[in-house]
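Notes for the structure review
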Amino acid sequence: MTQEALAEAADLHLTFIQRIEAGRVNPSVGVLVQLADALEVSPGLLLRPATMPEVKRGRPRKAPTG
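The sections below set out a description of the structure shown in this document. (Residues numbered from 1 in each chain as written. Predicted model: local features only at pLDDT ≥ 70, side-chain atom pairs only at ≥ 80, totals over all residues. Heavy atoms only, no water.)

**Observations concerning the overall build of the protein chain**
Counted only if it meets this: Labels follow the DSSP assignment, with helices taken as runs of H or I lasting at least four residues and strands as runs of E lasting at least two, numbered in each case from the N terminus. Note on method: radius of gyration uses C-alpha positions; expected globular size equals 2.2 Å times residues raised to 0.38. Three labels apply to residues, based on accessible area from a 1.4 Å probe with only protein chains included: buried if under 20% of the type maximum, exposed if over 50%, partly exposed otherwise in between. Any pair of residues with heavy atoms lying within 4.5 Å of one another is described as a contacting pair. Here Asp and Glu are counted as negative and Lys and Arg as positive; His is not counted, and neither are the chain ends. A charged residue contributes its charge at one atom only: NZ of Lys, CZ of Arg, CG of Asp or CD of Glu.
When you go through the protein chain residue by residue, the secondary structure sums to four helices and zero strands. Counting from the amino terminus, helix and strand elements in the protein chain follow one another as α-α-α-α. Against the compact-globule benchmark of 11 Å for 66 residues, the protein chain has a radius of gyration of 18 Å, which places it well outside the compact range. Dimensions of the protein chain, computed from C-alpha atoms along their principal axes, come out at roughly 60 × 25 × 20 Å. Buried residues in the protein chain amount to 18% of all 66 residues. Here the contacts in the protein chain between residues at least 6 apart in sequence split such that 24% fall between residues at least 24 apart. Charged side chains in the protein chain number 8 positive and 7 negative. The centres of these two groups are separated by 24 Å.

**Some thoughts on unusual backbone geometry**
Excluding glycine, most residues fall at negative phi; most peptide bonds, likewise, are trans. Despite not being glycine, aspartate 11 shows a phi value in the positive range, around 60°. Owing to a relative accessible area of 67%, aspartate 11 belongs among the exposed residues under this scheme. If you check the backbone angles, glutamate 40 has positive phi at about 55° while not being a glycine. Locating glutamate 40 in the fold gives a position in the loop between α3 (29–39) and α4 (43–47).

**Quick notes on a nonpolar patch on the surface**
So the rule is basically this: A patch consists of residues whose relative accessible area exceeds 30% and which take part in no salt bridge; residues with like charges are grouped when within 9 Å of each other, and nonpolar side chains (Val, Leu, Ile, Met, Phe, Trp, Tyr) when within 5 Å. In these tables, accessible area is a Shrake-Rupley quantity obtained with a 1.4 Å probe, and a residue counts as shielded only by the protein chains included in the view. Whenever Lys or Arg places a side-chain nitrogen within 4 Å of a carboxyl oxygen from Asp or Glu, that contact is recorded as a salt bridge.
A contiguous nonpolar patch, built from Met1, Leu39, Leu46 and Leu47 and spanning about 410 Å² of accessible area, is present on the exposed surface. Its location among the elements puts leucine 39 in helix α3. Look at leucine 39 and you get partly exposed, because its relative accessible area is 34%.

The structure is reproduced here in structure tokens:
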């Protein structure tokens, strides 16, 4: 879903959605409920900790030849 579609579905302004995603504002509980309703998920799902894959630093190793 695009930010534009989410903003429209949640009846929020696009720039507000962008500021939430960038971490520049903390949404209220009411806004979280609006977002959850627009995404058709429970509000608790939006509050769970994110799981991110481990970041691998440096260049990938070359595959052995031969």
